[in-house]
Amino acid sequence: MAPAPVLLSKRALIDRSYLEHRAKLLDLAAFLDRVERAQGDGADDFRMRALRECCAMLIDTKPNRAQRVLELLSDQSREPIAHAGTKGATGAVPPTASGAR
Amino acid sequence: MYIDPHIHMVSRTTDDYQRMALAGCVAITEPAFWAGYDRSSPQGFQDYFRQLTDTEPKRAAQYGIRHHTWLCINPKEAEDPVFAHEVIALIPSFLACESVLGIGEIGLNKNSRNEIEILEAHLELAAKHDLMVLVHTPHLEDKLKGPRLIMDAIRNQGKLDPGRVLIDHVEEHTVGIVLERGFWAGMTLYPDTKCTPQRAVDIFEMHGTERLWINSAGDWGQSDPLAVPKAQLEMRARGHTEASIRKVSFDNPLAFLSQSGRFKTA
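Residues numbered from 1 in each chain as written. Chains lettered and ligands numbered in written order. Predicted model: local features only at pLDDT ≥ 70, side-chain atom pairs only at ≥ 80, totals over all residues.

S.K.: Help me out: how do you make sense of the overall build of chain A in this one?
M.R.: Each helix and strand counted, chain A has three helices and zero strands in total. Its helices and strands in sequence order give chain A the pattern α-α-α, from N to C terminus. Against the globule reference of 13 Å for 101 residues, chain A gives a C-alpha radius of gyration of 18 Å, more extended than a compact globule. With respect to the three principal axes, the spread of C-alpha positions in chain A is 50 × 45 × 25 Å. Evaluated residue by residue, chain A yields a buried proportion of 7% over its 101 residues. Summarising the internal contacts of chain A: among those between residues at least 6 apart in sequence, 26% fall at separations of at least 24. (Helix = DSSP H or I, 4+ residues; strand = E, 2+ residues; numbered from the N terminus. Rg over C-alpha atoms; globule rule 2.2 N^0.38 Å. Buried ≥ 20, exposed ≤ 12 C-beta atoms within 10 Å, placed from the backbone. Contact = placed C-beta atoms within 7 Å.)

S.K.: How should I be thinking about the overall build of chain B in this particular structure?
M.R.: Looking only at helices and strands, one finds nine helices and eight strands in chain B. The C-alpha radius of gyration computed for chain B amounts to 17 Å, which stays within 12% of the reference 18 Å derived for 266 residues, consistent with globular compactness. Principal-axis analysis of the C-alpha atoms gives chain B an extent of 50 × 40 × 35 Å. Residue burial in chain B is summarised as follows: out of 266 residues, 54% are buried. Here the contacts in chain B between residues at least 6 apart in sequence split such that 74% fall between residues at least 24 apart.

S.K.: Explain the interface of chain A and chain B here, please?
M.R.: Bring the parts together and some accessible area is lost; that lost area is often taken as the interface size. At the junction of the two partners, chain A supplies 29 residues and chain B supplies 34 residues. Of the residues belonging to the side of chain A that touches chain B, the class tally is 18 nonpolar, seven polar and four charged. (Nonpolar A, V, L, I, M, F, W, Y, C, P; charged D, E, K, R; others polar.)

S.K.: What should I look at first to understand the sheet that holds strand β6 (residues 165-167) of chain B in this one?
M.R.: The strands making up a sheet associate through backbone hydrogen bonding, with each pair oriented either parallel or antiparallel. All names here are of chain B. Overall, parallel pairing links the eight strands, which are arranged β1-β2-β3-β4-β5-β6-β7-β8 in an open sheet. Unpaired on one side and paired on the other, β1 (2-4) and β8 (212-215) mark the two borders of the sheet. Taken pair by pair, the neighbouring strands of this sheet meet at an average axis angle of 25 degrees, ignoring direction. In this structure, strand β4 (residues 100-107) lies alongside strand β5 (residues 132-136), joined through five bridges in parallel fashion. Bridging from a neighbouring strand, Ile106 pairs with Val135 of β5. Against the sheet, helix α2 (residues 42-61) engages β2 (25-31), β3 (66-71) and β4, with an angle of about 165 degrees to β3. Its contacts with the sheet put helix α8 (residues 227-237) on β1 and β8, and the angle it makes with β1 is roughly 135 degrees. (Pairing = 2+ DSSP bridges. Axes fitted to C-alpha atoms, helices over the stretch in contact; angles between N-to-C directions.)

S.K.: What should I look at first to understand the environment of Arg59(B) in this one?
M.R.: All names here are of chain B. Tracing the backbone shows Arg59 in helix α2. Residue Arg59 is classed as partly exposed on the basis of its C-beta count, with 17 C-beta atoms lying within 10 Å. For the pair Arg59 and Glu242, spaced 183 residues apart in the sequence, the C-alpha separation amounts to 30 Å. Filtering out sequence-adjacent residues up to four positions away, Arg59 remains in contact with Thr14 and Tyr17.

S.K.: Explanation requested: the packing of helix α7 (residues 197-207) of chain B against α8(B) in the structure shown.
M.R.: Helix packing geometry: the angle between the two helix axes and the distance between the axes. Residue and element names in this part refer to chain B. Between α7 and α8, the shortest axis-to-axis distance is 9 Å and the interhelical angle comes to 60 degrees. In terms of orientation, α7 lies oblique with respect to α8. Helix-helix and strand crossings are classified by hand; for α7 and α8 the assignment is right-handed. Along its contact with α7, which presents Pro197, Gln198, Ala200 and Val201, the element α8 presents Ala227, Lys230, Ala231, Glu234 and Met235. Of the residues assigned to the contact of α7 with α8, the class counts are six nonpolar, one polar and two charged. (Parallel < 35°, antiparallel > 145°, perpendicular 65-115°, else oblique. Left-handed = near helix turned anticlockwise from the far one by under 90°.)

S.K.: Would you mind going over helix α3 (residues 81-88) of chain B with me for this structure?
M.R.: Note on helix geometry: an α-helix contains 3.6 residues per turn, so any two residues three or four positions apart are oriented the same way. Residue and element names in this part refer to chain B. The set of residues buried in α3 consists of Ala84, Val87 and Ile88. Angularly, the buried residues of α3 cover 100 degrees about the axis, an arc narrow enough to put them on a single face. Buried residues along α3 sit against α2 and α4 (113-128). (Arc of directions from axis to C-beta.)

S.K.: Please clarify how the environment of Thr193(B) should be interpreted in this entry.
M.R.: Residue and element names in this part refer to chain B. Tracing the backbone shows Thr193 in the loop between β7 (184-188) and α7. Looking at Thr193, the number of C-beta atoms within 10 Å reads 17, which means it is partly exposed. Residues contacting Thr193, with those up to four places away along its chain left out, are His139 and Leu140.

S.K.: Would you mind showing me how to read the environment of Glu205(B) here?
M.R.: Residue and element names in this part refer to chain B. By the element assignment, Glu205 lies in helix α7. C-beta crowding within 10 Å serves as the criterion here: with 17 such atoms nearby, Glu205 is assigned to the partly exposed category. A C-alpha to C-alpha distance of 40 Å links Glu205 and Phe45, two positions 160 residues apart in sequence.

S.K.: Looking at this model, I keep getting lost on the packing of α4(B) against helix α5 (residues 145-157) of chain B. Mind explaining?
M.R.: Residues and elements named next belong to chain B. Remark: α4 packs on α5, axes separated minimally by 10 Å, with the N-to-C direction vectors making an angle of 40 degrees. Our classification of the angle between α4 and α5 gives oblique. For the pair α4 and α5, the sense of crossing is right-handed. Contacts between α4 and α5 involve Ile116, Leu119, Glu120, Leu123, Glu124 and Ala127 from the former and Leu149, Ile150, Ala153, Ile154 and Gln157 from the latter. For the contact of α4 with α5, the per-class residue count stands at eight nonpolar, one polar and two charged.

None of the figures reported here should be taken as evidence of function without further support.
Here you go:
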């Protein structure tokens, strides 16, 4: 089966969802401000660096932004790791990981 | 009417069963998963498997929902292979239960060698008993790497038909490789991680609706047991037909799960 088309027009999609995404953008802007205002270490946190790189990706003109953001935030290595030192994930690739860029 | 093919009702209240029934849920499948802590003995899984095969079907039946399950030790507890093999040895005694559809949710969490060893042991068990398989893929930054390792393990096992294996929690960067290799794929609708209902509908629009389903994977973390009907609402608002909505939220899970010979919606 062929992929389903986007059924709503550009204008209809914008009318329906602009305010929702304006709010998400403001949340992100306020989060960046909040981290900047906060005391202590973390200004160079790998997750914040990754987030800024992703922000730059959002305003380029290439398609598939969601896929490219996910790939940017992913471990790119292909081999299994020796041991799982933790159960959790952080949402960006720690600089010590085998698949760090 | 819908099926939620992946939800952890042991972590949810009876009110959730009622709300799901009111929203049109007629059947669910519940894979075995991590309780939020490591069990202290394999016997803890004996009790958990009894809960999945005996207690939950009765709770669900009070609201007219058919409950089915998948059994395994999940990859988060696979880093101790001796322990994990002991748990796997418990599974065959539950396979005669009519509500057991197969082995799941197995897979990888951090993509470690021990996790792969336990994944392979589960795959052998599934092949030996001709069972279907439900696969968990890793979280966040570990997700991209997981499906390739998992699909390679399944191919190397040699006896499992990809058409009877569903690889769950796909997102934009993993859905294509799973579908290309002939597997079924599942999208989990979560508030913060995995897919939102809006992105899941985007993925249907970009990849089509064949061999794809949606689920809530509701559990003890941030999750929404009504995520599937919310995705139905999103599809409707975006102009998708009732036939398309039914296909992804009822017909597709029915087609995949019916291969077990045990799945029922009434």
